[in-house]
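# Report on the structure
Residue strings, one per chain:
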Amino acid sequence: MPIRVLTPQEAARIAAGEVIERPASVVKELVENSLDAGARQITVETRQGGITFIRVTDDGYGIEPEELRIAFERHATSKLTSEEELWRIETLGFRGEALPSMAAAADVEMVSRPSGALVAGRVVLKEGVVEHQGSAGAPPGTSTTVQNLFQRQPGRLKFMRSAAAEGGQIANVVTQYALAYPEVRFTLRNDGREQLATPGNDDLRDTAAAVYGVDVAAELLPLHKDAQGSIQPAGLIGSPAVSRANRSYISLFVNRRWIRHRALTFAIGEAYQGMLPAGRHPIAIVEVRLPPDQVDVNVHPAKAEVRFRDERAVFAVVQRAVRRTLSDRVPVPGVEASLTATAPPDFLLRGEGASSPASGVAPTLSFQPQEARTAPQVATAEQAAFVDQLPVLRPVGQLGNTYVIAEGPDGMYMIDQHAAHERILYERFLGQQREGVREVQPLLQPAPVELTARQLSLLESYGEQLTAMGLDIEPFGDGAYVVRAVPPSMTGKDAASAVPELLDLLGREDGPKEEPAHRVAASLACHGSVRAGQSMTDEEQRELLQSLEQCEHPRTCPHGRPTMVHMSSNELAKQFRRR
Ligand code: ADP
Ligand code: MG
C-alpha cells in the first residue's frame, strides 16, 4: 500500500481520540478548565449519561470574546508561556488539546463572559469548524455545551456503553474533583436529577459527607502531618471500621490533580494490613503535594497518570503517614514491626532501580497477618470472592492467659483469644439473624434492671434485633424494666448487670458502622467472648482454634483488629540464623 499523509482532519480526529475517549473525558477536561479558571462554582449537567448532552458551567475568569475562537485551535493554550514551564506545571491543562479534540468529535457551543465584560462571547462549532460567532447575554464565567459525541464516528460510537454506565463514569470524575477541591461548589445533574452537590465550604470532611454520607465522613481520620520534607501528604482516611469491597474508594491527588496510580493505591491499602477483614479495602482521600519539578504530569494522553522522580520516597512518606494515623487511633500489635517492611512489590514500580530492594532496612520481625503474603494479587483480589482459609492449627499452650500459641504447617501463630472468640461468635450470631433462628434462655426468675436514658434509647433503636437474638425485656412501670429471657451466650451472667453492659457496647463508637444486625452481633460477641486474662484448658484452646478455622474471615475481629499474628518457619529460621 502506498504511503499517504493523513489529511489534517483525519489526523485531528486520531489525536482527539486519545484525549476524548468517552463522555466522562469531556467532563474531565471541561471541569479541569473551569478549575484552572479559578471557578468557585461548577455545575455539570448531562443527558443520557452524557451521550447526547453535556454542559459544564463555571463562574471562573472567562475568555475574551476575540480569543474564543483561538481556544479551539490545536495547541492553543494560555497556560504555558515557555518550554521550561513544561517541567513545572501548576495548572491542570497545558497542552491546548481538549477543546479542539471535543470540537472534532462533537457539536460544541461555548459562551464565555470575562469578569470585567458586560456581554458574553459565543461560538458554535460543527465538525471542528466555527459555524457561528457572536455575542450573548450570560453571567460572568464560561459555559460549554457538548452534544452528539461521536455521532460522526460510528467506530467510536460502538464502544459507548449504556447511559447508566457512562453516567457512572461522569459521576466518578465529578466526585473525584469535588474531593480534590473542597473550596469549590460542585453540582451534578443527569436528566434533571441531582446526583451530587457539595457545599464548597473548603471543608474536606463536609465534602466527603456529601459524597459518601455522614456516617462514613464521621469515620474519617485526618492524615498524620509530617513537619519536614518536600513531599507532603494530606487528606482523610477511613478508620478500619469502614471498608469497601474494592479499591475504587481510594482517591489520589497529586498537586491538586486527580490521578490514577496503581502502585500508590496499593501502598495505601497495604498500610491497613491486618486492620481490615480479608478482601476489604479502605476509603481514603489522599493528596500528595510536592515541588512540581518532582513529578512529570506529561506522560499520559488524558493526564490521568503521573511519574514521580523518586517513587519510593513518595510511597514511603504516604505509607508512613497512613500507618501513623491508624496506629495513633487503633493500636495494633505488629504495626510498628511491619512499618519498615511494606514496600510495594517491585513489579508495581516502574522505571529504573525497581528491582533493587529498599536498602538499609533492618531485619524486623514482621508479625503480619497472613494476607500480607498474598498481597501481589492486585488484579485478581478485586474480582475473586475472597475465601480466607486458615490452615489447621494445633494449640501449643496459652501465654499470659491472653494468647493461644499454635503451630501450623508454616510456623507459629499467636492468637488473641478474646479477638478470636469475638470473631467466632460474631459470625455465628450473624448467621442466626440471617436464618431467623431465635435461641432464648428464659430466666428462672425475671430480673429487674435499671437503664440510663442512653441505654434506653439504644434499646429502642436496636429492639428488633435484640429480640431476634433472644433478649426479652419489658417495661415494669416507673422507668423500671424486667428481663425475662437472655440470649444463650449470656446465661450464667447476672442479667441485671449484663443487659446494661451489652447496651453500652452497642453504643460504643468503635463498633462496625454497618447495619443494626451487625452492630448487635458484634456487641453480643464482644460481651459473650472469653476475656484476656482468663485461663483456658487444652480442650477449650483446641475448640477455639477449630471454630476459628470455620470462620469466613478468621483473621480479624469484628472491629477489624487482627485475631492472630503469624511467624513463618522461614522467619523463625532467619531469626535464629539457621539460614
Ligand atoms: P488547556 O487547558 O490545555 O490550555 P484547552 O483546549 O482545554 O487547553 O483550553 C484552551 C484554552 O481555553 C485554555 O488555555 C484557556 O485559556 C481557555 N479556556 C478553556 N476553558 C476555559 C474556561 N472554562 N474558563 C476560562 N478559560 C478557558
Ligand atoms: Mg484544558
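In the block above lies the structure referred to throughout.
Note that residues are indexed from 1 along each chain, following the sequence as it is written. Whichever chain is written first becomes A and whichever ligand is written first becomes 1, with later ones labelled in order. In view of the model being predicted, local features appear only for residues whose pLDDT reaches at least 70, and side-chain atom pairs are presented and counted only at 80 or more, with totals across whole chains, interfaces and linings using the full set of residues. The side-chain numbers reported here are obtained from all heavy atoms of the structure, hydrogens and water having been left aside.

### Focus: the packing of aromatic side chains
We describe a pair of aromatic rings using the distance from one ring centre to the other and the angle between the two ring planes. A pair of aromatic rings is counted whenever rings of Phe, Tyr or Trp (Trp by its six-membered ring) have centres within 6.5 Å, and the orientation is called stacked for planes under 30 degrees apart, edge-to-face for over 60 and tilted otherwise. Throughout the structure, instances matching the rule amount to three aromatic pairs. Here the aromatic rings of tyrosine 177 and tyrosine 181 are separated by 6.3 Å at their centres, their planes lie at 35°, and the arrangement is tilted. Accessibility classification places tyrosine 177 together with tyrosine 181 in one group, the buried group. Pairing tyrosine 212 with tyrosine 249 gives two aromatic rings, centres 5.7 Å apart and planes at 50°, and the pair type is tilted. A residue pair is termed long-range when its members are at least 10 positions apart, and tyrosine 212 in helix H6 (residues 204-212) and tyrosine 249 in the loop between strand S10 (232-238) and strand S11 (250-254) qualify at 37 residues. Each member of the aromatic cluster is reached from another via a ring pair, and the members are Tyr177, Tyr181 and Trp258. Across from the ring centre of phenylalanine 53, 3.9 Å away, lies the NZ or CZ of arginine 47, which sits over that ring. In this scheme, the term charge over a ring applies when either NZ of a lysine or CZ of an arginine sits within 6 Å of the ring centre and within 35 degrees of the ring normal. Positioned above the aromatic ring of tyrosine 249 is the side chain of arginine 244, whose terminal nitrogen or guanidinium carbon lies 5.2 Å from the ring centre. Only protein chains enter the accessibility calculation, which uses a 1.4 Å probe; a residue whose area is less than 20% of its type maximum is buried, one above 50% is exposed, and one in between is partly exposed. What counts as a helix is a DSSP run of H or I of at least four residues, what counts as a strand is a run of E of at least two, and both are numbered from the N terminus.

### Considerations on the pairing of strand S21 (residues 480-486)
Extensive coverage of S21 is indicated by the burial of five of its seven residues. Any two strands with at least two DSSP-identified bridges between them are counted as paired. Across six bridges, strand S19 (residues 441-450) lies against S21 in antiparallel orientation. Paired with alanine 447 across the bridge in S21 is valine 483. Pairing of strand S20 (residues 472-475) with S21 involves four bridges; the strand directions are antiparallel. Residue pairing in the sheet places isoleucine 473 in a bridge with valine 483 of S21. Count of turn residues in the S20/S21 antiparallel hairpin: four residues, of which glycine 477 carries a positive phi of about 85°.

### Structural notes on the sheet that holds strand S18 (residues 411-416)
Working definition: the strands of a sheet are paired by backbone hydrogen bonds and lie parallel or antiparallel to each other. Read from one edge of the open sheet, four strands run S16-S17-S18-S22, paired in antiparallel fashion. Bordering the open sheet on either side are strand S16 (394-399) and strand S22 (564-567), each of which pairs with just one other strand. Averaged over all adjacent pairs, the angle separating strand axes in this sheet is 20°, with direction ignored. Pairing of S18 with S22 involves four bridges; the strand directions are antiparallel. Considered in S22, the bridge of tyrosine 413 is made with histidine 566. For this analysis, residues touch if any pair of their heavy atoms sits within 4.5 Å. Between the N-to-C directions of two axes lies an angle of 0 to 180 degrees, each axis being a line fitted to C-alpha atoms and, for a helix, fitted only over the stretch in contact. Here helix H12 (residues 417-435) sits on the sheet and contacts S16, strand S17 (403-408) and S18; the angle it forms with S18, its principal contact strand, is near 75°. Lying on the sheet, helix H17 (residues 538-549) is in contact with S16, S17, S18 and S22; it crosses S16 at an angle near 120°.

### Some remarks on the environment of leucine 390
Along the polypeptide, leucine 390 turns up in the loop between helix H11 (378-381) and S16. On the basis of relative accessibility, which here comes to 5%, the residue leucine 390 falls in the buried class. Sequence separation between leucine 390 and glycine 408 is 18 residues; the distance between their C-alpha atoms is 9.3 Å. Those residues in contact with leucine 390 that lie beyond four places of it in its chain are Leu548, Glu549, Pro554, Arg555 and Met564.

### Concerning helix H3 (residues 98-105)
When you tally the buried positions in H3, you get eight out of eight residues, the bulk of the element. Inspection of H3 places Ala98, Leu99, Pro100, Ser101, Met102, Ala103, Ala104 and Ala105 among the buried residues, and these make up the whole buried set.

### A short note on the sheet that holds S21
Sheet architecture is open: three strands sit in the order S19-S21-S20, paired in antiparallel fashion. Sheet topology places S19 and S20 at the edges, where each strand pairs with a single neighbour. Within the sheet, the average angular offset between the axes of one strand and its neighbour, ignoring direction, is 20°. Relative to S19, helix H15 (residues 495-507) is tilted by about 70°, and along the sheet it contacts S19, S20 and S21.

### With respect to the pairing of strand S3 (residues 107-113)
Within S3, six of the seven residues are buried, leaving the element largely enclosed by the surrounding structure. Bridging between S3 and strand S4 (residues 120-126) involves five bridges; their strand directions are antiparallel. Across the sheet, the residue bridging to serine 112 is glycine 121, located in S4. Between S3 and S4, which pair antiparallel and follow one another directly, the connecting turn spans six residues.

### With respect to the site of ligand 1
In the vicinity of ligand 1 lie 20 residues, with Asn33, Thr77, Ser78, Lys79 and Gly96 positioned nearest. Here a polar contact means two N or O atoms within 3.5 Å. Within protein one must be a hydrogen donor candidate and the other an acceptor candidate, and residues neighboring in sequence count only if both atoms are side-chain atoms. In this structure, an oxygen atom belonging to ligand 1 sits 2.5 Å away from a side-chain N or O atom of serine 78. Contact distances for ligand 1 include 3.3 Å between an oxygen atom and a backbone N or O atom of alanine 98. We get accessible surface area from the Shrake-Rupley algorithm with a probe of 1.4 Å; when it comes to residues, only the shown protein chains can shield them. Coverage of ligand 1 by the protein amounts to 93% of the 540 Å² it exposes when considered alone. Residue proximity to a molecule or strand is established when one non-hydrogen atom of the residue lies within 4 Å of it.

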